[in-house]
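Residue strings, one per chain:
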Amino acid sequence: MDNLKQVKHLYARAGFGLRFQDRGNVEHVSVKRAVKELFKTSDVDDPINTVQGNTDYMTLLKGDMLAKKQFMQQQRQQEKDLNIAWIDKMSATDAQLREKMTLFWHNHFACRSNNASFAQQLNNIQRTHALGNFRDMVLEISKSPAMLQFLNNQQNHKGHPNENFARELMELFTIGRGNYTEQDVKESARAFTGWSFDKDGAFKLRPFLHDDGEKTFLGKTGNLDGEDIINRLLEQKQTAHFISNKLYKYLVNEVPDPAHVTAMADLFYKENYEIKPLLEYVFNAEWFYDDKNTGNLVKSPVDLIVGLNRQFYITYQRPEVLLEFERTLGQILFYPPNVAGWPGGRNWIDSSSLMYRLKIPSLLLDGGLIDFAGKADPEDEAYIATVRNRQTLVNTKVQAQPNWDQFLKSVPATLSKTAIAEFMLEPKVGKVIQNTAEQSNDIKTLAIELVSTPEYQLC
């Protein structure tokens, strides 16, 4: 694999793809230098502040029907605004790596909140710690109102422990299933009793609801609280392995290589769960660039949309159409299917989504109508009711504007059409695509044809 292909692969996995306008800047840059630049551009933590203030739900409950209806409309609009704001950030930012990892942690710590302010706060926690320390992130997320509410820790009281958060903390967030007992779940739940938040969303430890009795968790006995539980979980090397294995599947290959994952876990544990050294190790490893690890991952819906936005400088007259794309393709930001998040990988592709995946790029780049029938979230009753009431969905005008002048200006005049195809696609370009490329009338037509291929669905 030559230098440019390696750097292109790096940007496909550590970001949202390499644009033609950036090609000249990295064409002769070493992988080691490119990795440093990715971290350098992602150093700044730039939070999303679309949702202002927080709603007092107690005041809402005392309101009349009109006030409640207006509140629900406001909440839905805030949720839409937050979703679009993050898509916009990913589509425009130079901090690709930070946003790509924020997207990873967004799915790892999967959470639904009916409060857009809480959802925004959780997203910013994940962004702040995306390249930082995993322990710090776990602790802050465990205290966030979005997570405490989602996993019912508001109902976790002394004498009546709720085990939901304690179980998911171990099974999905840290050590993984099979590495703890049911007694550990019970003891952990006792340690998190009283962890709550006030009406403004600030963390509150309520002493009168906290069980301060002796507990034994993973072999350690004492008057343990929630922070002790988190520390104990991270003392187990299995936690480093669990996270490394999941990161390998996200960044490298759906089928983990045991030796590579073990090496990652050893480093992660040795570095006290600092995320940056772990990622630097992966991105500088020779095996990261092996042919078997190139062009083998299915792009998530968000990766697909953001990658197109970045490469073709797309703007939208109706930004709300982005939410319809997400819904149709099966990944609505801030609305994971459950606490386990989106399964990802080949699960992104099925008979329902594949047709839309192949059609959406040309719709964005060449205008047109789309019938948004796609996948409905089984819990999204309002959406299902709307579909049933209308019987058939009305075709929607996408109203997207790619900046073709900027795109075409960024494509080097010296590049052959085959070279353009090789740059825009991660998998190796075969004879069929070579022939298609060489027979294209112009670069614009070629670009639309390339992004409409099955190969473009891979990174």
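Residues numbered from 1 in each chain as written. Predicted model: local features only at pLDDT ≥ 70, side-chain atom pairs only at ≥ 80, totals over all residues. Heavy atoms only, no water.

## Remarks on the pattern of salt bridges
Part 1 of the argument: Applying the stated criterion across every chain, the model contains 21 salt bridges.
Part 2 of the argument: The salt bridge partner of Asp-22 is Arg-19, with a shortest N-O separation of 3.0 Å.
Part 3 of the argument: For Lys-186, the salt bridge is made with Glu-163, and the minimal N-O distance between the two is 3.4 Å. Linking Lys-186 in helix α11 (residues 182-191) with Glu-163 in the loop between α9 (145-150) and α10 (164-173), this pair joins segments that are 23 residues apart in sequence.
Part 4 of the argument: In this structure Lys-186 comes out as partly exposed when scored by relative accessible area, which is 39%.
Part 5 of the argument: Overall, Glu-163 belongs to the partly exposed group, its relative accessible area being 22%. (Salt bridge = Lys/Arg side-chain N within 4 Å of Asp/Glu carboxyl O. Helix = DSSP H or I, 4+ residues; strand = E, 2+ residues; numbered from the N terminus. Buried < 20%, exposed > 50% of the residue type's maximum accessible area, 1.4 Å probe, protein only.)

## Some points on helix α15 (residues 275-284)
Part 1 of the argument: Within α15 the residues assigned to the buried category are Ile-275, Leu-278, Leu-279, Val-282 and Phe-283. Around the axis of α15, the buried residues are gathered within 125° of arc, so they sit on the same side.
Part 2 of the argument: In the core, the buried residues of α15 are packed alongside α1 (3-14), α3 (31-41), α6 (96-108), α8 (134-142), α13 (237-251) and α14 (258-270). (Arc of directions from axis to C-beta. Contact = heavy atoms within 4.5 Å.)

## Considerations on unusual backbone geometry
Part 1 of the argument: The phi dihedral of Asn-272 falls on the positive side, at around 55°, and the residue is not glycine.
Part 2 of the argument: Tracing the chain through its elements places Asn-272 in the loop between α14 and α15.
Part 3 of the argument: For Asn-272, a relative accessible area of 55% corresponds to the exposed category.
Part 4 of the argument: At Gln-399, a position not held by glycine, the phi torsion is positive, near 55°.
Part 5 of the argument: Examined against the element boundaries, Gln-399 turns out to sit in the loop between β7 (396-397) and β8 (400-401).
Part 6 of the argument: By relative accessible area, Gln-399 is classed as partly exposed at 28%.

## Here we look at the environment of Ser-42
Part 1 of the argument: Along the polypeptide, Ser-42 turns up in the loop between α3 and α4 (57-61).
Part 2 of the argument: Look past the residues within four positions of Ser-42 in its chain and what remains in contact with it is Ala-95, Gln-96, Leu-97, Arg-98 and Leu-131.
Part 3 of the argument: Among the polar contacts listed, one links the side chain of Ser-42 to the backbone oxygen of Leu-38, at a separation of 3.1 Å. (Polar contact = N/O pair within 3.5 Å; in protein donor to acceptor, adjacent residues only side chain to side chain.)

## Concerning the packing of α1 against α3
Part 1 of the argument: At a minimum axis distance of 10 Å, the contact between α1 and α3 shows a crossing angle of 25°. Judged on the interaxial angle alone, α3 and α1 are roughly parallel. Helix-helix and strand crossings are classified by hand; for α1 and α3 the assignment is right-handed. Packed against α1, whose contacting residues are Asn-3, Gln-6, Val-7, Leu-10, Tyr-11 and Ala-14, the element α3 presents Val-31, Ala-34, Val-35 and Leu-38 at the interface. (Axes fitted to C-alpha atoms, helices over the stretch in contact; angles between N-to-C directions. Parallel < 35°, antiparallel > 145°, perpendicular 65-115°, else oblique. Left-handed = near helix turned anticlockwise from the far one by under 90°.)

## Re the packing of aromatic side chains
Part 1 of the argument: This structure, assessed with the given rule, holds 24 aromatic pairs.
Part 2 of the argument: Ring geometry for Tyr-248 and Trp-287: centres 5.7 Å apart, planes at 35°, overall tilted. Placement of Tyr-248 in helix α13 and of Trp-287 in the loop between α15 and α16 (301-312) is noted, with a sequence separation of 39 residues between them.
Part 3 of the argument: Classification of Trp-287 by relative accessible area gives buried; the value is 11%.
Part 4 of the argument: For the ring pair Phe-312 and Phe-407, a centre distance of 4.6 Å and an interplane angle of 35° mean the geometry is tilted. Residue Phe-312 is located in helix α16, and its partner Phe-407 is located in helix α20 (residues 404-410); the two are separated by 95 residues in the primary sequence. A single burial state applies to Phe-312 and to Phe-407, both of which are buried.
Part 5 of the argument: An aromatic cluster of at least three residues, connected via ring pairs, comprises Phe-104, Trp-105, Phe-109, Phe-134, Phe-173, Tyr-250, Phe-268, Tyr-269 and Tyr-273.
Part 6 of the argument: Lying over the aromatic face of Phe-16, Lys-100 brings its terminal NZ or CZ to 5.5 Å of the ring centre.
Part 7 of the argument: Residue placement shows Lys-299 over the ring face of Tyr-456; its charged tip is 3.5 Å from the ring centre. (Phe/Tyr/Trp six-rings, centres within 6.5 Å; stacked < 30°, edge-to-face > 60°. Lys NZ or Arg CZ within 6 Å of the ring centre and 35° of its normal.)

## Some words on the side chain of Lys-100
Part 1 of the argument: Note on placement: Lys-100 falls in helix α6.
Part 2 of the argument: Contact partners of Lys-100, with chain neighbours within four places excluded, come to Ala-12, Arg-13, Ala-14, Gly-15, Phe-16, Tyr-250 and Asp-303.

## Observations concerning the side chain of Arg-232
Part 1 of the argument: By the element assignment, Arg-232 lies in helix α12 (residues 226-235).
Part 2 of the argument: Among the polar contacts made by the side chain of Arg-232, one reaches the side chain of Glu-235 at a distance of 2.7 Å.
Part 3 of the argument: Those residues in contact with Arg-232 that lie beyond four places of it in its chain are Phe-217, Leu-218, Gly-219 and Lys-220.

Shape descriptors only; they carry no functional weight alone.
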